[in-house]
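Observations on the model geometry
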Amino acid sequence: ITSAVAFNILPLKLHPFSQSTPTGLDCVGWKRRFSSSVIADGALDKTALTDDVGSEEDLYEDFRSSNHRYGHPGGGGEQLAINELISDGSVVYAEALWDHVTMDDQELGFKAGDVIEVMDATNKEWWWGRILDSEGWFPASFVRLRVNQDEPMEDYPLKVEGGKEDDSSSGTRRFGMGQTTKDQMRTNVINEIISTERDYIKHLKDICEGYIKQCRKRADMFTEEQLKTIFGNIEDIYRCQKKFVKALEKKFNKDHPHLSEVGSCFLEYQTEFQIYSEYCNNHPNACMELSRLTKVNKYVYFFEACRLLQKMIDISLDGFLLTPVQKICKYPLQLAELLKYTNPQHRDFKDVEAALNAMKNVARLINERKRRLENIDKIAQWQSSIEDWEGEDVLVRSSELIYSGELTKISHPQAKSQQRMFFLFDHQLVCCKKDLLRRDILYYKSRINMDDMEILDVEDGKDKDFNISVKNAFKLHCQDTEEVHLFCAKKPEQKQRWLKAFENERRQVQLDQETGFSITEVQKKQAMLNASKQHHTGKPKAVTRPYYDFLMRQKHPTLPTTLPQQQVFMLAEPKRKPSNFWQNISRLTPFRK
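Residues numbered from 1 in each chain as written. Predicted model: local features only at pLDDT ≥ 70, side-chain atom pairs only at ≥ 80, totals over all residues. Heavy atoms only, no water.

Re the overall build of the chain
When helices and strands are tallied, the chain shows 15 helices and 18 strands. Across the 593 residues in the chain, those meeting the buried criterion constitute 52%. Residue pairs in contact within the chain that sit at least 24 positions apart in sequence constitute 68% of those at least 6 positions apart. For the chain, the accessible surface area stands at approximately 28400 Å², while carbon and sulfur atoms represent 50% of it. (Helix = DSSP H or I, 4+ residues; strand = E, 2+ residues; numbered from the N terminus. Buried < 20%, exposed > 50% of the residue type's maximum accessible area, 1.4 Å probe, protein only. Contact = heavy atoms within 4.5 Å. Areas by Shrake-Rupley, 256 points an atom, 1.4 Å probe, with all protein chains shown as cover.)

As structure tokens, then:
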């Protein structure tokens, strides 16, 4: 409690589990048990907590004068409840939301979807857990506590696969007033889905009304571009989620929750949920912008004043902004658990099964878009390394390197052959020439618009168009202009790889059109600007470290101090094969000249 501000917080109602909400930064699964009253030394009290700028500035001044530090512990009640259960001999299980990849033998590595026995939750950021014979520290914010803790651990992996139980006898046990154990488990999951959605709506409303509304009043502190960077499209998400939760409420059977049919709601909104892609992709930028602003005290005090005026729980703004990222990751896990406790004869079974696949596809789409946006920085860096570049930037039309390699290009009219490096992007093929002395330097020569071209496989032998003998050849032919380009690979397998790459390029273009994938002009310009700065300094920019530092605030010296290498948007799916972007480019065209 500072001299200027006192927090009047009601006692935490102990609740053994967080209703499947990730711990740490995300607290939307908790009922709002905090009632924050702002009491200044002078006249400011609850009645002064209005939306007008004056009261907010008064509070801001109180914070500034009191040198209040910007820190948000949070999560204490949940930790206490978990540790009490552990002390009493109960077994507490958690599911991994994201991969935790570590090289430290004191840390516990796992993949998204793994089930972890929580053995010690004393520290709010790092818990001690066990998987089979392995024990170690793991980040608390990477997991969700299981809804049905009384389910035997050994049964869980058997049930989660495909959502079906191996032991059908378990569904015949009775629980309470005539309900089977499985029905009660389904009731727990349904109640969790409904309650967390209600809390999530309140959370989004708090951000939109408590932060964005106040920030827009302060044009002297924030530009519209800054607000777009910090909050992304969270207002669009809020509008979408309000409609979604209304649809869920209509399908919720209050008297018999296990009979609720919610699967159709997820199917109905699967397309709308794709708006999370833009938010997730922007989130690292939001964290870096917040990190920059909160180095200035007036922004620290302002954000804290916004939180108190809205009577929000004691978590920093970056923590609140992380929850939409966590939310879209949780849907497949919740639906997998719901399917697990839904009998095949249940009217909701097929819809839940389809909804699970649909939400996995949404998550995969978000992952893919995130990867594509990460690639535009690499493409911009690549272009900045090419000498004598002419014409528009690659990013004007392209966002993905499909394939690259060396080919012999044969041109009319003298059928002159030239050794060139070719880089196939979506929509265009870029041709470069190697420096005669410095083979790691490339010079821009030309490009071909792939949207106008058809690919022709050429048999070995004499080509009638060019009147020369060719081997491992193919052509690019433009039907509109009758323009023809002849290419020869050194080996048959190289030719086949190129032909396959051209198929992939067309498939990628079609997929982008179907999913509406695009890169904004701002993102393109920012990528080229970053590449230009990096090119001039000759030093790589550490763009990811601030983001992860922001995501995991590690302050305890006795616990692991290395940064967890999580995959924020990766769910319980097989890992995507690493992109061969750098293998294709960096080995051929190092950026250092």
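Focus on the sheet that holds strand β9 (residues 401-411)
The strands that make up a sheet are held in pairs by hydrogen bonds between backbone atoms, and each pair lies either parallel or antiparallel. With antiparallel pairing, the 7 strands of this open sheet are ordered in space as β12-β11-β10-β9-β17-β16-β13. Looking at the sheet topology across the chains shown, the edges are occupied by β12 (442-449) and β13 (453-458). Taking each pair of neighbouring strands and ignoring which way they run, the sheet shows an average axis angle of 35°. Looking at chain direction, β9 and strand β10 (residues 416-425) are connected through 10 bridges and run antiparallel. Each residue of the ladder has a partner; that of Y403, found in β10, is L424. Relative to β10, helix α11 (residues 349-385) is tilted by about 155°, and along the sheet it contacts β9, β10, β11 (428-434) and β12. With respect to the sheet, helix α12 (residues 492-515) is in contact with β9, β10, β11, β13 and β16 (473-478), its orientation differing from that of β9 by roughly 125°. (Pairing = 2+ DSSP bridges. Axes fitted to C-alpha atoms, helices over the stretch in contact; angles between N-to-C directions.)

Brief notes about helix α6 (residues 234-251)
For α6, with 18 residues, the first-to-last C-alpha span of 26 Å sits near the 26 Å given by 1.5 Å per residue. All of the buried residues in α6 are I234, I237, Y238, C240, Q241, F244, V245, A247 and L248. Taken together, the buried residues of α6 touch α4 (181-217), α5 (224-231), α7 (263-268), α8 (276-293) and α10 (317-340). (Expected span 1.5 Å × (residues − 1).)

Things to note about the packing of aromatic side chains
Evaluation of the coordinates by the stated rule reveals 25 aromatic pairs. Aromatic pair Y211 and F320: ring centres 6.3 Å apart, planes at 50°, arrangement tilted. Separated by 109 residues along the polypeptide, Y211 in helix α4 and F320 in helix α10 bring together distant segments of the chain. With a relative accessible area of 4%, F320 lands in the buried category. Taking the centre distance of 5.2 Å and the plane angle of 90° together, the rings of F422 and F487 count as edge-to-face. Taken together, the positions of F422 in strand β10 and F487 in strand β17 (residues 484-488) put the pair 65 residues apart, joining distant regions of the chain. Residue F422 shares its accessibility class with F487, and that shared class is buried. An aromatic cluster is defined as three or more aromatic residues linked by ring pairs; in this entry it consists of Y211, F222, Y299, F302, F303 and F320. (Phe/Tyr/Trp six-rings, centres within 6.5 Å; stacked < 30°, edge-to-face > 60°.)

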